[in-house]
Amino acid sequence: MVKNKENLVFQAEVSKLLDLVANSLYSEREIFLRELISNSADACEKLRYESLSKKNLLSDDSDLKINIRVSKKNKTIEIEDNGIGMSRQDLIDNLGTIARSGTNKFIEAMRSKKNADINAIGQFGVGFYSSYMVAKSVEVLSKDAFKKESNLWTSNGKENYSIENIEKKKRGTLITLHINKDSDEFLDSFRLRSIITKYSNYIPFPIFLKDQDDKEKEEKINEGDPLWLKDKKDIKQEDYKQFYNNISLNFDDPLKTIHYNAEGVINYKALLYLPTNQPMDLFNSDRKNKIKLYVQKVFITDECNEIIPNWLRFIPGVIDSQDISLNISREMLQNNPVITKIKKGITTKILNEFTTFANKENNKYLSFWKNFGAVIKEGLYELNEYHEKILSLVRFENSLDSTFISLNDYEKKMIKNQKEIYYFANTDKEHIKNSPQLEVFLDKKIPVLFMTDAVDEFWLQNVKYKKFDFKSITKGKVDLSKFGDEKKGKNKDKNKKLNSNINDLINVLKNELKDKISDVILSERLTKSPVLLLADESGMDINMEKLMKMHNQKTPTSKKILEINSDHPMIIKISENLKKINHKKAANLLLDQANILDGNTLSNPSEYIENLTELFIN
Ligand code: ADP
């Protein structure tokens, strides 16, 4: 039995979103048309793909197209397509709920920064709702290409919507916007025409516009021909930009456009872009790549994970190849040798483009790197043949002059006898700069790289640069004696009394802290700070451990090594007064200080204050 009119309530997120949309900025409202046209084009592409295997699906309605109609008299704009359509359940699932996990983040960002860009709405799979920027109510009449029934979805964009069976003769979707008073500028057909050419010129289906109050015939507005098949010299920058905005749903200017024709063993055309800004959804875990795969102009899928490495997922674009069969099913794209070869081709091409970019426009490249480096470095974590190339592209801030440098630059800055690349990994740059671990390196002018992305901890485990290993300065003893150790020399001159005091202190600390730390050693690297915590050589790097803990509570805490600075006045003072002071308190005080310097929270801060006070008073 067919259900008749049903009233349904929007999912809470949808209501929140609708509220935001209705209050969005005046100047941004025109994008509603772009979003609706883009949905219609997707519906046409889905149908065209399905019709490859089901020939009679198109029946007598085989020219896929989008019709826009406007009427000042009725105060309506209609957007109609003869694409795949939606069933009753599709209407409920697609226009009443939000499936994608990133959407909440978008809503929050929009809320907190009042004018965070509504333009990004398409990235979050909620573009349809932008129609409520201009409409007081919206009707969606749709007929699924595979079903006989058709349904009308209606809502004024507040809390609820209704669905009822209403006949629609032809397959596809007709959206009617009842334009609100403030938005009557959009009832002007010239205005609509300019919006369509501005945003949707390269939608690969004809878009017709008709003014219903006028007897004039409808006219085709968009260019329509696939841009990627055109000759480069016939394409203007604005065309490239618009196409980029269409396919990526990003709204910035492309930073670079990579358009080429691969001919040889495998033939394909590629039009790829580097974005200028970080898309808002870049780090969402369910974010896939943004490559659309076409076979001879027919859209096949935008969900082919094998077409580009995951670590290049921020690159939107189109690949069109005649070497893939038009009848291929999406499942068959997995482990497909042609796709594998295309992937290799575009990866190499993109990495070469990066190299040229880095060599020719260093500053611009750096800002690109700051946006996308964290993603590209994921390529060092997985096994692949591109490590050497990626390592030539990475950039890190260095301790000597705080500029971003390449590993090649680092090599040039290395001092005599240096055999390892020193790094400090922590996502908090200020913490690195103020860390005791860094002191001696600054003193001796030994360069240290700051690894501030969470991913660094992972790739560093399995990568070498040329003959150099990467060495964390927060893990294990760092042997700096080969760099000329003035400190040891100084120590030698110190009187025996002091040395024996320090030795006594070390023994006291070892004894008092034996449950908490694995060893106490005399520091060769501290210059300003009294103490330092250090991971065991065989143990996990301190920051790696913190990171693992964030993801998995069960990571055991490994015991650290406590380094003490025998030149520090406090250490000297404590060692001289060992007989007079409470050993347990003094030991815990030093350990607490090391923990503070390491950015840890103390388990018993008031005890720390007590111990400190006592030491002062005595
Ligand atoms: P997105 O298009 O980014 O997924 P939208 O909120 O714009 O997000 O649309 C939600 C879903 O509704 C689409 O994914 C699609 O399945 C469906 N939809 C919207 N418009 C149409 C249409 N004209 N024809 C068929 N399905 C549509």
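Provided above is the structure to which this section pertains.
A brief look at the structure comes next. (Residues numbered from 1 in each chain as written. Predicted model: local features only at pLDDT ≥ 70, side-chain atom pairs only at ≥ 80, totals over all residues. Heavy atoms only, no water.)

## As for the overall build of the protein
Each helix and strand counted, the protein has 20 helices and 23 strands in total. Dimensions along the principal axes, computed over C-alpha positions, put the protein at roughly 105 × 55 × 45 Å. By residue count, 53% of the 618 residues in the protein fall in the buried class. Of all intrachain contacts in the protein linking residues separated by at least 6 positions in sequence, the fraction that spans at least 24 positions is 73%. For the protein, the accessible surface area stands at approximately 30,000 Å², while carbon and sulfur atoms represent 49% of it. (Helix = DSSP H or I, 4+ residues; strand = E, 2+ residues; numbered from the N terminus. Buried < 20%, exposed > 50% of the residue type's maximum accessible area, 1.4 Å probe, protein only. Contact = heavy atoms within 4.5 Å. Areas by Shrake-Rupley, 256 points an atom, 1.4 Å probe, with all protein chains shown as cover.)

## Here's the deal with the sheet that holds strand β18 (residues 448-451)
The strand order across the open sheet built from six strands is β16-β15-β18-β17-β20-β19, with neighbouring strands paired in mixed fashion. Whereas interior strands pair on both sides, the edge strands pair on one side only; in this sheet they are β16 (404-405) and β19 (464-465). Pairing between strand β15 (residues 396-398) and β16: two bridges, direction antiparallel. Considered in β16, the bridge of F396 is made with I405. (Pairing = 2+ DSSP bridges.)

## Considering the side chain of K377
Summarising the element assignment, K377 is placed in the loop between α8 (362-376) and α9 (378-381). Within the local environment of K377, its side chain forms a polar contact with the side chain of D453, the two groups lying 2.8 Å apart. Among the polar contacts made by the side chain of K377, one reaches the side chain of D456 at a distance of 2.9 Å. Among residues more than four places away in sequence, those in contact with K377 are W369, V394, F396, D453, V455, D456 and W459. (Polar contact = N/O pair within 3.5 Å; in protein donor to acceptor, adjacent residues only side chain to side chain.)

## A short note on the environment of D19
Checked against the element boundaries, D19 lands in helix α1 (residues 12-22). Separated by 286 residues in the primary sequence, D19 and N305 have C-alpha atoms spaced 35 Å apart.

## Topic: the side chain of N180
Here N180 shows up in the loop between β7 (172-179) and α5 (189-199). For N180, a relative accessible area of 18% translates into the label buried. Polar side-chain contacts of N180 include one of 2.7 Å to the side chain of S183. The residues touching N180, leaving out its near neighbours within four places in the chain, are M133, V134, A135 and K136.

## Here's the deal with the pattern of salt bridges
Close approach of charged atoms allows side chains with opposite charge to pair. Inspection of the entire model under this criterion finds 31 salt bridges. Put simply, K413 and D401 hold a salt bridge, and the shortest N to O gap is 3.2 Å. With K413 in helix α11 (residues 407-413) and D401 in the loop between β15 and β16, this residue pair connects regions lying twelve residues apart in the sequence. K413 gets classed as partly exposed once you look at its relative accessible area, which sits at 26%. Residue D401 is classed as partly exposed on the basis of its relative accessible area, which comes to 39%. Here K466 ties to E411 by a salt bridge, and the two come within 2.8 Å at their closest N and O atoms. In this pair, K466 is assigned in the loop between β19 and β20 (468-472) and E411 in helix α11, connecting sequence segments 55 residues apart. Note on E411: relative accessible area 25%, which makes it partly exposed. Connected via shared salt-bridge partners are R29, E30, E185 and R191. (Salt bridge = Lys/Arg side-chain N within 4 Å of Asp/Glu carboxyl O.)

## Describing unusual backbone geometry
The phi angle at S59 is positive, at roughly 40°, despite the residue not being glycine. Inspection of the secondary structure assignment puts S59 in the loop between α2 (31-53) and β2 (66-71). Accessibility expressed as a relative area gives 53% for S59, which makes it exposed. The backbone phi angle of K75 is positive, close to 55°, even though this residue is not glycine. Within the element layout of this structure, K75 appears in the loop between β2 and β3 (76-81).

## Overview of the pairing of strand β10 (residues 254-262)
When β10 meets strand β11 (residues 268-275), the two strands line up antiparallel, connected through eight bridges. Paired with A262 across the strands is Y268, a residue of β11. In this antiparallel pair of consecutive strands, β10 and β11, the connection spans five residues, and G264 shows a positive phi of 145°.

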